[in-house]
Structure formats: structure tokens, C-alpha cells
2 protein chains.
Amino acid sequence: MSIQNSPLVRKLGAYVSLSEPELEILAKFHKNRRTFADKIEMVYEGQSSPSAFILAKGWVCSYKILRSGGRQIVGFQIPGDFIGLRSVLFRTADHSIEPIQKVEASEVKVKDLLGAFQTCPRLATAVLWSASSDEAIVVERLVSLGRRDAAERVAHLFLELSARLKLVGLASATSFECPVSQYHLADALGLSAIHINRVLRELREDGLLTFRRGVVTFDDLDRLVELSGFDRAYLDYEGPMLN
Amino acid sequence: MSIQNSPLVRKLGAYVSLSEPELEILAKFHKNRRTFADKIEMVYEGQSSPSAFILAKGWVCSYKILRSGGRQIVGFQIPGDFIGLRSVLFRTADHSIEPIQKVEASEVKVKDLLGAFQTCPRLATAVLWSASSDEAIVVERLVSLGRRDAAERVAHLFLELSARLKLVGLASATSFECPVSQYHLADALGLSAIHINRVLRELREDGLLTFRRGVVTFDDLDRLVELSGFDRAYLDYEGPMLN
């Protein structure tokens, strides 16, 4: 795959028109591509000097385990996402990262990343934008857990994933492959798996969406947007700001 | 106040040893200092081309209003915080920002910010770290709303605020001035004001903490840390990474 078609470049390109030298640096980052099996942590909470990764294929989730044993999934990462960036900058991982399915990812060392920022400040700005976009996603999840009911939370999450996947060419207008289980959804949305199961059934019976055999299909997109109050503005996919 | 003693420089200095040229740029950012009255939005959700601000004095909160009329406070910002950074990078504000009390803040234009990154890439890295730190704070709030009970949420938030305020010289070991109301706490923690009131009373009666007349006092710090599972690692105040 040429670097121009890599999910990360498609994503960063939504914000910064990347020059040749910038593309070359990103191409270097895409070396050291490795395969990671599902359910084995790529990074664990408390790990010192962890690496960052550019996710090329497959989904991972990041989460924190509470002393009570409970788990809160902080987010799902998809191809093109920079994962573990905060852990690299912080020298210690403040969360765990685990593949949901077999994934392919390129390891990026902190030294190389900071070196790249030094020679290509626009790249630092692009990564800052990408980190801001990740933060906006966590903020929306916070709003969901604080002030949205269970059906709204599920609908909002699926609409967001659809928009993010579309940007990197992995979703059609009304459907996408979704490898997460009902347990993942429960741990991401502050609900129980039984509650998730009931909500998914209700959404299907109401003709809004179907989640079956790893595929999410929007049966009535307009009503889903209306129900969840989804406004894609926070994803900021409007075209390059830095030319 | 010399620029070295400004809260922002103290905060960024926790991550990057700032050079003379970098301090000069930050000093420029601190000009255009303005006063903002409480309860009047500095930035409103949906505003296009908003400015960013460096908060010098007083607290603000950032929030989103849902169509139901409910409000979710995304975070409290204190002196030294860069506010509205994401809105600047996104060209449209995805949340509102409102002073909780009279505040002083310096406006930073997007052009000047991006220009500074270009000439001082280390500054871009420092701001990226600062943004990552903000994200870590939102993540902890998400964990609270997803998997912590009401008392744990309140204790965790106060311990976090204390650590952040200490970094900029605005808290002692066991107490700090806290201008937020019980309504603010409710909207930040996904609870009702009545629930917050009851939890604060219980925490006080249990000898854990007292929140009275705008001052939070930790009556038993160890037990509070134990109760909330607070681990300050996610705030990453360990000393400069970039020398």
C-alpha cells in the first residue's frame, strides 16, 4: 500500500496538506509493522517507557481496570489511529491497550517521534490535531455517560464509529464491520451486558439499527441521528486547515 | 509577574525545560490580558473561529448542553490552563466555556499559535503534552462516571483539583479554595445536586473532607486516596522530559 493510501495519512490529511518530506517521515513510521494477537495486551497500565503504535489493520480498545475489578473502556481505536501517544509523552502508560481482533500495527519510538516534530513542526501540529480529535471523542463519551440514556449512548457510539471508519474507507453510508462484543459495549458505555443486549433488541425492533454477526447496519439513519443528538462537528472532518 | 512565575510556564515547565526564545513567545501570548465576568460565556458551542485563552486568574468550566436541556460539564480549568485549544484547531467550538468567577485570561490567536509552533517545535511538543494531560483528566472523569460511585467521584475530583492547583502554587497539602457550586459538581459528575449535597455531608461526617464556604479541606488524605483509588500518575508531574 502506498503511504498516501495508509489510514493514518488519510486521517492526518483531513487536517494538514502533507508535503513530501512529511510523507517520507510518516512512511518511515510505518515500518516495523508487526502482528498482535487478540486479547493480549500491547501496552499495560503502569508500563514504563511504552511505545506508541500506528494502527494499520484491525481494532483495539484502551481501558483502565479499577481496584474493584471493574473495567472502563476509554475508547475503541481503528486503523489510522495513533495509539499510546499519551503514554509515550507521559513515560508511563496510564491505561492498557488490547487488540479486539488480530491487528497489524507499526511501533513508533518516542525518540523518533520527537525528532520528527523537531524537523517537521507541521507534523507536530497535525499530531496535536489528531490528539485533540481523540480528546473530543472521549468528551462525547463523557457526555453520554453523564447525560444520555442507554439507547442514546449506543446509537451515538455507532454513529461516531461509522464516521471515523468512513474517513479511512472502512464503512459504507449505512453499515460497517464491527468486531466488538456486547461486553465491550457495556464496559465502554457504563452499562451491563444484559442492558446492552436489551437496548440492541429494542433498537432493532424499532427499525433503527441492527447489530448482527459483527456487522452494524443503520436501518433508519435520520431517526438515529435525531435520537442520539449526534452532531459530527466534533470530529472536524471538513478538510485541511493547514495548507 | 515575571513570565517564569506565570502558571502556564510553571505547568509547561513540568514537562519541557523552556529556553529563552520559548519563554519570549510565551510572554507575548500573555499580553492582551482581559477580564471576563462570571456566568458570561467566553466561547459558545458552535462558535466559528473562536480564540484560545491562557487562563491567568480564576476558574472556568467547559460544558456541552444537550437538546434535553441537560448540561454536562466536561472539565474545570484553573490558572495556567490553555483553554479552547481544541476549538481553535477545529475552527468551530465543540463546547462552551464560562467563567465560574471573575477571571483574567490572555487571548491567543490561532495564527500566532501555529506560527509559534513553526519557529519553536519544542513549544508544539509542550502544548501537545499539555493537551494529552487534559485528555488524561477527561479520561479519569469518564472512568468515574462509568465505574465509580458518587462518593468516589467527588473524592477523586477534589484530589485531582488539589494536585493540579498545587503545581501552580494554588493549594496547600490539605486544602484549596474551590469556587464551584454543588450544581457544578452535579453537572460534572453525572449526579443531581441533591445527591452531591448528601455525599458531601457523608464525606464530612465520616471525617474525610469538608467543603464549606468555598474551601475544600482534606480531613483524612490517606483514606480519601484509598476510597477513590486516586493515583496521580495520570497527571505526569514528574519533572521535565525534554531538556
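Caption draft 1: Highlighting the pairing of strand S4 (residues 71–77) of chain A. All names here are of chain A. Burial analysis of S4 places seven of its seven residues in the buried class, which makes it a mostly covered element. Pairing analysis gives six bridges linking strand S3 (residues 60–65) to S4, with the strands arranged antiparallel. For Ile-65, the partnering residue across the bridge sits in S4 and is Arg-71. Count of turn residues in the S3/S4 antiparallel hairpin: five residues, of which Gly-69 carries a positive phi of about 100°.

Caption draft 2: Structural detail: the pattern of salt bridges. Going through the model one piece at a time under the given rule, you end up with 40 salt bridges over all chains. Here Arg-122 of chain B makes a salt bridge to Glu-22 of chain B, at a shortest N to O gap of 2.9 Å. With a gap of 100 residues between them, Arg-122 of chain B in helix H5 (residues 121–147) and Glu-22 of chain B in helix H2 (residues 20–29) connect regions that are remote in the sequence. A salt bridge links Glu-107 of chain B to Lys-109 of chain B; the shortest N-O distance between them is 3.4 Å. Under the relative-accessibility criterion, Glu-107 of chain B is labelled buried at 17%. Each of the salt bridges in this network shares a partner with another, and the network as a whole consists of Lys-11, Asp-81, Asp-134, Arg-141, Glu-160 and Arg-164 of chain A.

Caption draft 3: Highlighting the domain arrangement of chain A. Residue and element names in this part refer to chain A. As assigned here, chain A comprises domain 1 (3–132) and domain 2 (137–235). Distance between the C-alpha centres of domain 1 and domain 2: 23 Å. In this assembly, 18 residues from domain 1 lie in contact with 21 residues from domain 2. Summing the contributions of domain 1 and of domain 2, the shared interface buries around 1600 Å²; its carbon and sulfur component is 67%. For the domain 1 face of the interface with domain 2, the top three residues by lost area are Trp-59, Phe-76 and Ile-78, together amounting to 37%. Put simply, domain 1 and domain 2 have two salt bridges between them. Here Arg-71 and Asp-187 are joined by a salt bridge, their closest N and O atoms 2.8 Å apart. If you look at where domain 1 meets domain 2, you find six residue pairs in polar contact (both at pLDDT 80 or more).

So, how was this worked out
- Residues numbered from 1 in each chain as written.
- Chains lettered and ligands numbered in written order.
- Predicted model: local features only at pLDDT ≥ 70, side-chain atom pairs only at ≥ 80, totals over all residues.
- Heavy atoms only, no water.
- Buried < 20%, exposed > 50% of the residue type's maximum accessible area, 1.4 Å probe, protein only.
- Helix = DSSP H or I, 4+ residues; strand = E, 2+ residues; numbered from the N terminus.
- Pairing = 2+ DSSP bridges.
- Salt bridge = Lys/Arg side-chain N within 4 Å of Asp/Glu carboxyl O.
- Domains from an automatic or database assignment.
- Contact = heavy atoms within 4.5 Å.
- Buried area = accessible area lost by both parts, 1.4 Å probe.
- Polar contact = N/O pair within 3.5 Å; in protein donor to acceptor, adjacent residues only side chain to side chain.

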